[in-house]
Amino acid sequence: MSFSAQSTVTQRMIPRTVPSDLEVVQPTGCPLPPLFCPDNHRSRTLAQMREKPSGLDRYIFLNGLKGRDPTLFYQLLLANMPEMVPILYTPTVGDACVNYSHIWRRAEGLYVSIHDKGRIEQVLRKWPGGHNARISVVTDGSRILGLGDLGANGLPIAIGKLDLYIGGAGIRPFSTVPICLDLGTNTEKHLADPFYLGVRQRRPDDAEMEAFMDEFMAAMSKVFPQLVVQFEDFSTDNAFKYLERYRHSYRVFNDDIQGTGAVVLSGFINSARIASAASGLPLSEHRILFFGAGSAGIGVAKQLLSFFKTQGVDEEQAKKQIWTVDSKGLIVAGRPGLQEHKHFFSRTDYNGPPLTKLLDIINYVKPTALLGLSTIKGAFSKPVVEKMAAINKRPIIFPLSNPVDMCEVTYEDAIQWTDGRVVFASGSPYEPVDYKGKRYEPGQGNNMYIFPALGLGTIISKANHVTDLMVEAAAVALAESLTPEELAAELVYPRLTRIRQVSAAIAKSVVRAAQASGADAYPVLRELSDDTLLELIQSKMWTPSTSKSRL
């Protein structure tokens, strides 16, 4: 009998209580060495991780460490964010997902299968400590990063995101619920894989999936009444569909649409200021070209409407400042077979022959900003980048596709091809670049800046749903979180080493936005000053050496 046939439920095999920061989990009856030193052991463990030959090997090592000693794992994460986040999340988590059925070591998340329909509530109740659950990341594995339909192999995405909630916003580990909806996969490679952990069938039709999702969300609300749900890596059409279907009934948001939109909005606010300072162009006159029109691309584009609105531009005019491009070229109204979610930004002011080449589209649009969410490696070629530099003193170029081997342009190339003038942010991390005697530090539009704080603010405010105002407030707070030194260095985002400080400030703004939206259910917080509220939020953040948080 296959693993998936034996059970559709797996549970994280980790202790119910977190050991103190001086304890190390040991086999029963096996004493520690007489001269054992916890500080030295932390350094030893970090060295062991660094000795691993590949990112995937380091991921496997850290996964094992979390199972053996979660306290040590989270201590290392908090102390080494810039180094460990790219292992636990993008880009390495992509490799972990692709290979998950082969590198699987232990049960660490919850699978809810299409065959569980009619008994989903029973399945969810098998999760330990359900009354403590506060945040869940849910994926169906149908569009993992830019890697396609990975089915049940998508679970590491949910696990990785929740590690960032814990590290970035201090959410307690045992209040997190990683879930993969095992609805099958349309990828023959996985169906034929003898080690594949999931259901060996193709995905259900729309009607069957809708019925499954309705039962699942109702059961989640009943079993975990205080839970915030983050949808992650659903296929484009389903990402929009199920966000709209549930966002006003449950505490749910979609990170690919809203989280990505918010983090890019934040980066664009700071980038536009840098570019306008150089060119003298009013902020309201920026022209944004999106290369990639999936759920993330259109979600980001819609979020950027608020940038123009803050400049006094109405929505109809703001839409005219944004152009979108998909695999068939510039998206125009009346194109046969145009997907529903692409209609919003389809152009009605172009009547010429189809524009299918990016360079031709740039020549026509003359954008100040080029944003990539296409998952096409190298799509921003040297001629494309050089053209952006020719028409802008400080071209804004955001290659946002993940993982790094699907990024539209590397940071080093962008620096060289613009002679150091580019204002840059990517989806995956890049190292600083030395060019003509100057060190350039890249920005990373990492959703980690948004979703942990958005979740934390939602939890603390006891909001009954996640409003657009809460998402926009998170973006603005992130943009305003840079220190004077970071601003002087022309950074687009704050340094990741300050993530907890940044998350607390964003969560405060989210709480205030929930109150302004009338979505909050914790009225006593309305009476607190901003400083007192910020202190309260910081006091709620869990650390590996304490379990005082009561989120």
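1. Structural notes on the overall build of the protein chain
When helices and strands are tallied, the protein chain shows 23 helices and 14 strands. Computed over its C-alpha atoms, the radius of gyration of the protein chain comes to 23 Å, within 12% of the 24 Å expected for a compact globule of 551 residues. For the C-alpha atoms alone, the extent of the protein chain along its principal axes is close to 75 × 55 × 55 Å. Relative to its full complement of 551 residues, the protein chain shows a buried share of 58%. Put simply, 73% of the contacts in the protein chain that link residues at least 6 apart link residues at least 24 apart. Where the 59 positive side-chain charges of the protein chain centre and where its 57 negative ones centre are 2 Å apart.

2. A few points about the environment of Leu162
When you line up the elements, Leu162 lands in helix H9 (residues 155-169). Under the relative-accessibility criterion, Leu162 is labelled buried at 2%. In this view, Leu162 contacts Ile135, Val137, Thr176, Val177 and Pro178; residues no more than four positions away in its chain are not counted.

3. What to know about the sheet that holds strand S4 (residues 228-231)
If you trace the five strands from one edge of the open sheet to the other, you get S1-S3-S2-S4-S5, paired in parallel fashion. For this open sheet the edge positions go to strand S1 (110-113) and strand S5 (252-254), each flanked by a neighbour on one side alone. The mean inter-strand angle of the sheet, taken between neighbouring strand axes irrespective of direction, is 25 degrees. As judged from the four bridges shared by strand S2 (residues 135-139) and S4, these two strands associate in the parallel manner. Bridge pairing links Ser136 to Val229 in S4. The strands that H9 touches are S1, S2, strand S3 (176-182), S4 and S5; relative to S3, the one it contacts most, it runs at about 165 degrees. With respect to the sheet, helix H13 (residues 255-279) is in contact with S4 and S5, its orientation differing from that of S5 by roughly 70 degrees.

4. Some details on the nonpolar core
A general feature of soluble globular proteins is that nonpolar side chains tend to end up buried together. Counting residues in each nonpolar core, the largest one holds 150 residues, and the members touching the most others are Val112, Leu124, Ile179, Leu181, Phe216 and Phe231. When neighbours within four sequence positions are excluded, Phe216 is seen to be in contact with Val112, Ile120, Leu124, Val138, Ile179 and Leu181. Membership of the second largest hydrophobic core comes to 28 residues, among which are Leu289, Ile361, Val365 and Val385.

5. A look at the pairing of S2
The buried fraction of S2 amounts to five of the five residues, a majority that puts the element mostly inside the structure. Of the two faces of S2, both are covered, the one formed by Ile135, Val137 and Thr139 as well as the one formed by Ser136 and Val138. As defined by bridge partners, S2 adjoins S3 across five bridges and the pair is classed as parallel. Paired with Ile135 across the two strands is Thr176, which belongs to S3. Following the chain from S2 across H9 to the adjacent parallel S3, one finds a crossover that is right-handed.

6. Quick look at the packing of aromatic side chains
Under the defined criterion, the tally for this structure stands at 17 aromatic pairs. Geometrically, the ring pair formed by Phe344 and Phe345 is edge-to-face, given 4.9 Å between the ring centres and 80 degrees between the ring planes. Taking the centre distance of 6.5 Å and the plane angle of 55 degrees together, the rings of Tyr435 and Tyr440 count as tilted. Comparing Tyr435 with Tyr440 shows no difference in burial state: the two are buried. Here a set of aromatic residues connected by ring pairs shows up, and it is made of Phe231, Phe234, Tyr242, Tyr246 and Tyr250. In this structure, Lys302 is placed above the aromatic ring of Phe344, and the distance from its NZ or CZ to the ring centre is 5.0 Å. The ring of Phe344 is capped by Lys319, whose NZ or CZ atom sits 4.3 Å from the centre of that ring.

7. Remarks on the pattern of salt bridges
Pairing between side chains becomes possible if they bear opposite charge and their charged atoms approach one another. For the structure on display, the rule yields 33 salt bridges. A salt bridge links Arg202 to Glu188; its shortest N-O distance comes to 2.9 Å. Of this pair, Arg202 sits in the loop between helix H10 (188-191) and helix H11 (206-223) while Glu188 sits in helix H10, and the two are 14 residues apart along the sequence. Residue class for Arg202 comes out partly exposed when judged on its relative accessible area of 45%. Here Lys382 ties to Glu386 by a salt bridge, and the two come within 4.0 Å at their closest N and O atoms. With Lys382 and Glu386 both in helix H17 (residues 382-391) and four residues apart, the pair spans about one turn of that helix.

8. Concerning a negative patch on the surface
Residues Asp205, Asp206, Glu208 and Asp237 make up a contiguous surface patch of negative charge. Counting through the fold element by element, Glu208 comes out in helix H11.

9. Describing the packing of H9 against helix H22 (residues 499-517)
Their axes nearest at 8 Å, the elements H9 and H22 cross at an angle of 90 degrees. By the angle between their axes, H9 is roughly perpendicular relative to H22. Here H9 contributes Ile166, Gly167, Gly168 and Ala169 to the contact with H22, which in turn contributes Ile499, Arg500 and Ser503. Residue composition of the contact of H9 with H22, by class: three nonpolar, three polar and one charged.

10. Overview of the side chain of Ser101
Here Ser101 lies in helix H7 (residues 100-103). Of the residues examined, Ser101 reaches a relative accessible area of 8% and is grouped as buried. Side chain to side chain, Ser101 and Asn153 meet in a polar contact 2.6 Å long. Among residues more than four places away in sequence, those in contact with Ser101 are Asn153, Asp193, Phe195, Tyr196 and Leu197.

11. Focus on unusual backbone geometry
Residue Pro91 is reached from Thr90 by a cis peptide bond, and omega for that bond is 10 degrees. Within the element layout of this structure, Pro91 appears in the loop between helix H5 (81-88) and helix H6 (92-98). Even without being a glycine, Lys366 presents a positive backbone phi close to 55 degrees. Positionally, Lys366 belongs in the loop between helix H16 (358-365) and strand S9 (369-372). Positive phi, close to 60 degrees, is recorded for Glu490, a residue that is not glycine. By the element assignment, Glu490 lies in the loop between helix H21 (484-488) and H22. Among the residues examined, Glu490 registers a relative accessible area of 38% and is labelled partly exposed.

Cut-offs and rules
Residues numbered from 1 in each chain as written. Predicted model: local features only at pLDDT ≥ 70, side-chain atom pairs only at ≥ 80, totals over all residues. Heavy atoms only, no water. Helix = DSSP H or I, 4+ residues; strand = E, 2+ residues; numbered from the N terminus. Rg over C-alpha atoms; globule rule 2.2 N^0.38 Å. Buried < 20%, exposed > 50% of the residue type's maximum accessible area, 1.4 Å probe, protein only. Contact = heavy atoms within 4.5 Å. Lys, Arg positive; Asp, Glu negative; His and termini not counted. Charge placed at Lys NZ, Arg CZ, Asp CG, Glu CD. Pairing = 2+ DSSP bridges. Axes fitted to C-alpha atoms, helices over the stretch in contact; angles between N-to-C directions. Core = buried A, V, L, I, M, F, W, Y, C linked by side-chain atoms within 4.5 Å. Right-handed = clockwise from strand over helix to strand, strands pointing away. Phe/Tyr/Trp six-rings, centres within 6.5 Å; stacked < 30°, edge-to-face > 60°. Lys NZ or Arg CZ within 6 Å of the ring centre and 35° of its normal. Salt bridge = Lys/Arg side-chain N within 4 Å of Asp/Glu carboxyl O. Patch = residues over 30% accessible without salt bridge, like charges linked within 9 Å, V, L, I, M, F, W, Y side chains within 5 Å. Areas by Shrake-Rupley, 256 points an atom, 1.4 Å probe, with all protein chains shown as cover. Parallel < 35°, antiparallel > 145°, perpendicular 65-115°, else oblique. Nonpolar A, V, L, I, M, F, W, Y, C, P; charged D, E, K, R; others polar. Polar contact = N/O pair within 3.5 Å; in protein donor to acceptor, adjacent residues only side chain to side chain.

Honestly, it's all geometry; don't read function into it.
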